[in-house]
Amino acid sequence: GFGLAYASSACVFPYAHRPLTTQGVASYRTVEFNRMVMQRPMWMRHLLSRGYSVLQCDLDVVWLRDPFPLFAAHPHLAAADVLVQSEGGHGYNAGFYFARPTRAADAFMEFWLEDLVSR
């Protein structure tokens, strides 16, 4: 019970001893902000490389229904390697996305990382 939860806490908060920011707050598009944002595609690549399908969403997302039946019911969603929320023509929104463990999904995450690094 509790011992297992305590032992796994390093996975839940892996930056406790080495924070990603020096000031606790990272303004939008600063180096520290991008360093934090990079963690998502980095962790996605880590999990995808181990064969996991990954659904990532922000904490402020409210689930009204299980999205997986929707993914399976539509052929274009069922065949997709990566499903990403649009930012209204301004790029990707990391608030909600799903990836399957495929080469295409890994290439997408790699492209995303390269884009973040170049900023």
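Residues numbered from 1 in each chain as written. Predicted model: local features only at pLDDT ≥ 70, side-chain atom pairs only at ≥ 80, totals over all residues. Heavy atoms only, no water.

Within the element layout of this structure, Phe33 appears in helix α3 (residues 31-37). The class for Phe33 is buried, based on a relative accessible area of 19%. Once you skip the residues sitting within four places of it in the chain, Phe33 turns out to touch Ala26, Ser27 and Tyr28. (Helix = DSSP H or I, 4+ residues; strand = E, 2+ residues; numbered from the N terminus. Buried < 20%, exposed > 50% of the residue type's maximum accessible area, 1.4 Å probe, protein only. Contact = heavy atoms within 4.5 Å.)

A few words on the nonpolar core. Among the nonpolar cores identified, the biggest contains 14 residues, and Met44, Leu48, Tyr97, Ala99, Met109 and Trp112 are the most heavily contacted of them. Those elements that provide at least two residues to this core are α4 (39-49), β3 (92-99) and α7 (103-117). By residue number, the principal contributor to this core is α7, which donates 6 residues. Counting residues in hydrophobic clusters, the runner-up holds 6 residues, among them Leu77, Ala80, Leu83 and Phe98. (Core = buried A, V, L, I, M, F, W, Y, C linked by side-chain atoms within 4.5 Å.)

This part is about the confidence of the model for the protein chain. Fine structural detail should not be taken from predicted coordinates in areas where pLDDT scores are low. Per-residue confidence for the protein chain gives a mean pLDDT of 79; residues scoring 70 or more make up 82%. The weakest mean pLDDT in the protein chain belongs to helix α1 (residues 2-7) at 40; the strongest belongs to helix α6 (residues 75-78) at 93. Scored below 50 in pLDDT, residues 1-12 makes 0 contacts in the model with residues more than four places away or belonging to other chains. (pLDDT = per-residue confidence, 0-100.)

Our next topic: the packing of aromatic side chains. According to the stated counting rule, one finds 6 aromatic pairs in the structure shown. A centroid spacing of 5.1 Å and a plane angle of 35° characterise the contact between Phe71 and Phe98, whose relative ring orientation is tilted. Residue Phe71 is located in helix α5 (residues 68-73), and its partner Phe98 is located in strand β3; the two are separated by 27 residues in the primary sequence. Measuring from centroid to centroid gives 6.3 Å for Phe108 and Trp112, while their planes differ by 55°, and the two rings are tilted. Here Phe108 and its partner Trp112 are both found in helix α7, 4 residues apart, which amounts to about one turn of the helix. Residue class for Trp112 comes out buried when judged on its relative accessible area of 6%. Feature note: the residues Phe68, Phe71 and Phe98 constitute an aromatic cluster, connected by ring pairs. (Phe/Tyr/Trp six-rings, centres within 6.5 Å; stacked < 30°, edge-to-face > 60°.)

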